[in-house]
Every structure is written in C-alpha cells, then in structure tokens.
Amino acid sequence: MSDAVLTARALSASYGKKVVVSGLDIEVCSGEILTLIGPNGAGKSTVLKTIASQLPVIEGKVFIGGKDISDMSSHEIAKVLSVCLTDRITAEKMTCEDVVSTGRYPYTGRLGILSAEDRGIVHEAMELTGVSALADRDIRFISDGQRQTVMLARAIAQQPQVLILDEPTSFLDINNKLRLLSILKELARNRGIAVIQTLHELDLAQRFSDRILCIRDGRADMTGTPEEVFSGDNISRLYGMDCGTFVPLFGTAEAPAVQGTPKVFVIGGGGSGIPVYRRLQRQGIPFAAGVIHENDIEFPVAQSLAAVTVTEKAFEPISDESVQKALAIMEKCDEVICCPDSFGTMNGGNRRLLGEAEKTEKLKREQDKEI
Amino acid sequence: MTGKRIMRRTVCFVLLAAIAVVFFVMELVSGSADISVKDVFSALTGSSTDGTAGTIVRSIRLPRAIAAALLGGGLSVSGFLLQSFFNNPIAGPYVLGISSGAKLTVALAMMLTMQNGILLSSAGMVGAAFAGSLLSMGAILLLSGKVKNMAQLIIAGVMIGYICSAVTELAVTFADDANIVNLHNWSMGSFSGIDMENVRVIAVIVIAAVAAAFMLSKPMSAYQLGENYAKNMGVNLRLFRLALILLSSILSACVTAFAGPVSFVGIAVPHLVKNLFGTAKPIVVIPAAFIGGAGFCLVCDLIARMLFAPAEISISTVTAVFGAPVVIAAMLSRREQKGSV
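Draft legend 1. Fine view of the overall build of chain B. Each helix and strand counted, chain B has 14 helices and 0 strands in total. Counting from the amino terminus, chain B carries its helices and strands in the arrangement α-α-α-α-α-α-α-α-α-α-α-α-α-α. Taken over the C-alpha trace, chain B has a radius of gyration of 20 Å; the compact-globule value for 341 residues is 20 Å, and the two agree within 12%. Taking the principal axes of the C-alpha coordinates as reference, chain B spans close to 60 × 55 × 35 Å. By residue count, 52% of the 341 residues in chain B fall in the buried class. Intrachain contacts of chain B at a sequence separation of at least 6 include 78% that bridge at least 24 residues. For chain B, the computed accessible surface area is about 14,600 Å², with 70% contributed by carbon and sulfur atoms. Of the charged side chains in chain B, 22 are positive and 13 negative, and the gap between their average positions amounts to 21 Å.

Draft legend 2. Spotlight on the side chain of S248(B). Residue and element names in this part refer to chain B. By the element assignment, S248 lies in helix α11 (residues 237–259). Residue class for S248 comes out buried when judged on its relative accessible area of 3%. Within polar-contact distance, the side chain of S248 engages the backbone oxygen of L244 at 2.9 Å. Within polar-contact distance, the side chain of S248 engages the backbone oxygen of I245 at 3.1 Å.

Draft legend 3. Structural view of the sheet that holds strand β8 (residues 194–198) of chain A. Residues and elements named next belong to chain A. The strand order across the open sheet formed by 6 strands is β6-β7-β8-β3-β9-β10, and the pairing between neighbours is mixed. In this open sheet, the two edge strands, each paired with only one partner strand, are β6 (81–84) and β10 (219–224). For this sheet, the mean inter-axis angle between neighbouring strands, taken without regard to orientation, is 20 degrees. Summarising the sheet, strand β7 (residues 162–165) and β8 pair through 4 bridges and their orientation is parallel. Looking at the pairing, I164 lines up with I196 of β8. Strands β3 (33–37), β6, β7, β8 and β9 (211–216) of the sheet are contacted by helix α1 (residues 44–51), whose axis makes an angle of about 150 degrees with β8. Docked against the sheet, helix α5 (residues 144–157) engages β6 and β7, running at close to 175 degrees with respect to β6.

Draft legend 4. Inspection of the sheet that holds strand β2 (residues 18–29) of chain A at higher detail. Residues and elements named next belong to chain A. Read from one edge to the other, the open sheet built from 4 strands follows the order β2-β1-β4-β5, with strand pairing classed as antiparallel. Pairing within the sheet leaves two strands with one partner each, and these edge strands are β2 and β5 (67–68). Where α1 meets the sheet, it contacts β1 (4–15), β2 and β4 (59–64), and its direction lies at approximately 120 degrees from that of β1.

Draft legend 5. Region of interest: the interface of chain A and chain B. In this assembly, 38 residues from chain A lie in contact with 30 residues from chain B. For the salt bridge of K281(B) with D98(A), the shortest nitrogen-to-oxygen distance reads 3.1 Å. At the boundary of chain A and chain B, one finds 14 residue pairs in polar contact (both at pLDDT 80 or more). Secondary-structure elements contributing two or more residues to the side of chain A that touches chain B are α2 (74–80), β6, α3 (96–101) and α5 of chain A. Ranked by residue count, the leading element in the side of chain A that touches chain B is β6(A), at 4 residues.

Draft legend 6. Representation of a nonpolar patch on the surface in the model. Residues and elements named next belong to chain B. A grouping of V21, V25, V37 and F41 is seen on the molecular surface, where their side chains present a nonpolar patch of about 330 Å² in accessible area. Counting residues per element, the ones that place at least two in the nonpolar patch are α1 (3–29) and α2 (37–45). With respect to the secondary-structure elements, V25 resides in helix α1.

Draft legend 7. Structural context of empty space enclosed by the protein. Summed over the entire model, instances satisfying the criterion amount to 2 cavities of 30 Å³ or more. The space that makes up the largest cavity amounts to roughly 180 Å³. What lines the largest cavity is a set of 15 residues, among which E92(A), Q83(B), S84(B), N87(B) and Q224(B) lie closest to the centre. Only α3 (51–86) and α9 (217–223) of chain B provide two or more residues apiece to the lining of the largest cavity. At 3 residues, the largest contribution of residues to the lining of the largest cavity is made by α3(B). Residues that form the lining of the largest cavity fall into these classes: 6 nonpolar, 6 polar and 3 charged. Lining the second largest cavity, in full, are L48(A), K49(A), A52(A), Q54(A), V83(A), L85(A), I164(A) and D166(A).

Calculation criteria
- Residues numbered from 1 in each chain as written.
- Chains lettered and ligands numbered in written order.
- Predicted model: local features only at pLDDT ≥ 70, side-chain atom pairs only at ≥ 80, totals over all residues.
- Heavy atoms only, no water.
- Helix = DSSP H or I, 4+ residues; strand = E, 2+ residues; numbered from the N terminus.
- Rg over C-alpha atoms; globule rule 2.2 N^0.38 Å.
- Buried < 20%, exposed > 50% of the residue type's maximum accessible area, 1.4 Å probe, protein only.
- Contact = heavy atoms within 4.5 Å.
- Areas by Shrake-Rupley, 256 points an atom, 1.4 Å probe, with all protein chains shown as cover.
- Lys, Arg positive; Asp, Glu negative; His and termini not counted.
- Charge placed at Lys NZ, Arg CZ, Asp CG, Glu CD.
- Polar contact = N/O pair within 3.5 Å; in protein donor to acceptor, adjacent residues only side chain to side chain.
- Pairing = 2+ DSSP bridges.
- Axes fitted to C-alpha atoms, helices over the stretch in contact; angles between N-to-C directions.
- Salt bridge = Lys/Arg side-chain N within 4 Å of Asp/Glu carboxyl O.
- Patch = residues over 30% accessible without salt bridge, like charges linked within 9 Å, V, L, I, M, F, W, Y side chains within 5 Å.
- 1 Å grid on protein atoms, 1.4 Å probe; cavity = no way out; pocket = protein on both sides within 12 Å on 5 of 7 lines; lining within 4 Å.
- Points joined across faces, edges and corners; volume = space filled by probe spheres on them.
- Nonpolar A, V, L, I, M, F, W, Y, C, P; charged D, E, K, R; others polar.

Shown next, in the form of structure tokens:
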C-alpha cells in the first residue's frame, strides 16, 4: 500500500533494555482503524508507546507520512501524531476546556495563548465528541467516561494524521464504549485520520476495526481483517484459552462446559436454547442438546456448553438417525426441556422428540420454568 | 474564555496589587520613629533634606520593603514551580528542606569568611545559598525516584531539613560568640538589615528568574496533564525539568541568602492564588503568585516588626501562623479530591 500514513519496519519495542516485541511490520492508511489485540503483558502498550515515540526506537524504523520519526523533532511529531492515554489526570483546577485546549500546544506561540482560530478548533473538537456541556467543569470531578471522551477531544484538537489510543474503552460502560468507538470511526472516515489502538474487548475489536494485529510471545502472531482474524480457533490460540471457548461469530466467550453424563436433555434450535444452555451451565448441571443444525445460530453455543450435542447437517431435514440418537440420550436424562415454540419441515425431527417426551413425566416447557 | 472569567481575574489582580501597594506604603510609614506619610513621600522624592527621617526611610525602611516584596514574590513562584515539578500542591522550598540546605551552606560560608575577617558579599551569599539549595534538591530528586508516594516525599524533605538544621546548629556551637549573634538573628529569618546594595542584587536575580519562569508557563501547562501527554505535545522533558529545578532553587536560594529561611509562603500563597483565581494555569498563577507573595510577605513583615515593637519577631514565626493553616487546608483539599474519584 502506497498511501500508508504510518509505517513501521522491523520494529522492536522495548521497555528499558528489555525487548518486549520484535520484528513488527505495521502499515496504517489514512482513514483506517488498526486494533492491537493479544494477551495481558504481550507488549501491546509498549508497541503503541514506541510508535508514538514515547519510548525510544531501538531497532527498526517508524515513518509518518514517509518521514523517519527519528529525524523529526518532538514538535514536528506533535503536529502529526496525538495520543489518548489511560493515565490518571491529577491536574488541579483545570476545566475540561483547559484540557482540550492543551491539544493546540504545538500550534500556539511562546506563551501558549490561543488564537481565535485555535479556540474554534477546540470548540469543534468538543462539539464532535459531545463534551461541550462539560467545558467549565473541573476535569477531576467528572465521570471516567466523560474524562476519557474529553481526552479524546484533546487529541482531536491536536489535528493529527495519526491518533494513538491505549485501551480507550477500559473504564467505560457499554454505551460509552460504543459512543467512543463510533466517534473514532467517524473521525477515520470523515477526516482520514489513521487510528491505532489497543482493545481488550474482542467483540468491539471485531466490529470497529478495519484491520487487527495480534501480538503474542513477543511477535506479531497474525494480522488481517476482522473476518480473517476472527475465524477458526485463531483467538483461542492467541490467548491460549484453556478455560471456556471463544465463539468467533459473536466475538464473545462461553464459560467451560459442565462435563459428565447428561441429566437434562434440551430440545433447541433457532437460538431459543441459548439462555437455557447458559443457565444449566451456571447451575453446574451437565446436559445434552439436540437436534441442532450445524448452521443454527445456537450451534456454537451448544457446542461450547453442552456435554453432548446431537447435530444435523446444514439445510437438511433432521434425519431419522439423528432422532434415534437423541432419543437414546433423552431416555437416560431425568428431565427434558423444550425450547422452540414452533416446528417446520427442517426441524420436524425435534417435534418427534417432543412427542416422545410428552409421553413421560420428564417434560418441562421452557415457558413453565421460573427464571 | 468567557467574559465572566476575564472579569474575575482582573478583579483578583487588582485586589492583590492593591494589598501589595497598601502594605508597601505601611512598611515605609510605620516604625519606632514617627514619620508621616508626607515626610515619607518627600524623603523618597528627595525634596526633603531632613537628615534622620530621610535616612531612616531611604536606607532602612525602603530597602526592607522592596526586599520583602521581591523575596516574598520570588518565594511564592519558587513554591509553585516545585509544586508543578512534583505534581504535589504541598511541595515547597521550606518543607522539602531546600531552604535549610541553603541556610547550612550560607552559615558555613559566613563563618569561614568571618574567621578570616572578610564580610561575605551579596553575590557570595547567593552563590553559597544556591549551592546549598541544589544539594538538598539533589537529595530530594534521588529520593523522589524511589518513593512514589507524595506524603513520603514531603516527610523525606522535612527530614533533610532537620539534618541540615542539625549540622548548622553544630557549626554554630563551635563558632565564635560574635558570629553566633549574627548568625542566630539571620537563621531565624528576617528582612531586617538589608541595604540598597543587597536590593539591587535581589532585584536582578528575582526579576530575571520570575520572568524566565513566566516564559515556561506553556510547557508547565502541558506538564500538568502528566509527562506522557507533555511528551506527546512536544515538550523536551529533560530540559524543562532542569529549568524548573534551577529556577526554583535560585529563587529560594536568593531568599535564604538575604532573609534566612522563610516558612510556608511557597505553599500557602500559590494555594490561595489558585483558589482565588479559580485556575491553576501557570500563565495566570505565576504573576499572581508573585504579586500575592509580595503582599503576603509585606503584611507578615509589618506584623513581625510592629506586634511587639520595638522588639522584632522572626518573619517565619508570622508566616507560619498564617501559612501553616493554609498548608493543612491544601492537604485536606487534596485528600477530598482523592476520595471523590
């Protein structure tokens, strides 16, 4: 790619003398969001700090707009790259507007007095991030979510080409997480800013990144689009998951399955079984699920949580063979729960299962269960 | 910035300046010799040739008042620089032991020179005090790398202060009688005995250092967000920190050289100014702390002189009475802030 705003070649990120990550090649284009993911302590933040020239580049090169950052003065770098960190702000008596105004630092004169234009840019940044109402509030006395957004406004006021954020969503509630990431998306799309961030929330990384870089064991494990990275067992492998499983489709994890002889048989399908699977897992009851099509939305959840899953090929009616298999397991269970409230051509086999269960005392309709 | 804020700041500046001017005049007018305002003016303008009153005003009260104003202002700015450096509102040259370090080296220098029958020059005093300030500052910096807790840093500073004072006491014990009298008066802190030659040296150092500090207000405002942000904004951290240390040391050294250690002004005045102006922006606080510190020390000096006149009490006694409660208030407000987050 020739329009890369920021490029790193064979970059090593080191903390003190210790090399944490080595051999990194990174390219971020204008308007693109690159997200770094990886286990705790993999060195994501160190990589960010190195790119942001907060830490010295010991090996390799970092270019911004084709210029080597080691040839740029800190003043020049400040005009093209800004950061948004999770550092606690302890400044006394600074209003949010004061904080955002510091983003104009590289552009103001000797005494740092803002021009009318600077002030306009500050107001625009606050408008864009929706923190204008906080302008006169003390930065120490607003919520974490508000503070993080104000720090983003500060970074925007710096008018960078590259915006670097270290875990921008860490202390935010779900709504604020989505809001902040949407603002980033908008910035990237409308202003062509290249965004590089680290995230711990994989579901959000999957939904809000153009490209993802996985860092593990001191090197780039893999890099690609979210679709490429969130497939197969990439994520489980990246994090060395040995407790529970990761469901790439949803970008979320399921708790480890309760192993053992199934005590409950769950007739599922179409996603109706998911809450039941999760409840049984929580209560520590081993269960069987069936018959679930391999392309059913609840298939990965059933696979993750059930001790046994009876499955059927995608888009095929449930075969007799599968029904017999399910019945054999159901017979040994103390209880049967039926989740779907309608049956059709494809899951006709599950209607048969329900019919068999109705002949016994075992059946409990999901609706009857107290939640 | 809204009009309301500009208004508030203007009013506050006028208020501080008014306090400084009023008490500056009071310093000239009051004293054991009864001299009227009119006589003071004529003494200053030189139209009166009346010997005694003119001499008292011109060579005793005027230099003392100017010194109190300049040194008070310098001390406050020095405190503000240290607070910015350590990101701690209760840091100051006195509590961090920097004044005591200066006091030690000045005392040693004084004794050495007196033994050889020479009187230490103004520049020599400042030089000795600066060396002492840097010595204490170096110790504090070494410790600040080890202790992350701000309270511990302050305690370390107070301990360094005690060590310096102990060594000073020890030196005084072995000094000649005449020297002790001289030293004792000075080491308690006082603006008395400052002459016009001293004032010239003070003016040059304090005005230059405060002006330099004012020029640092831009990086200081960036530094208030923390060093990582400052770095990203293009602040050369190493140079900036060095400048802060040198300027705060030279200011507190200048004060100690001429007036001895003066307590708590460096913390109390910036704290009051920040609350009065409702901001911690260096571009506002530095000039305001300078004017406020001048007023504060003029008031305190007047009290020191007049309360038990003709006997004088030490300036630190007065500044401690007014300053220490403010320091406690500053500490409590910091605690409150931590509790709320």
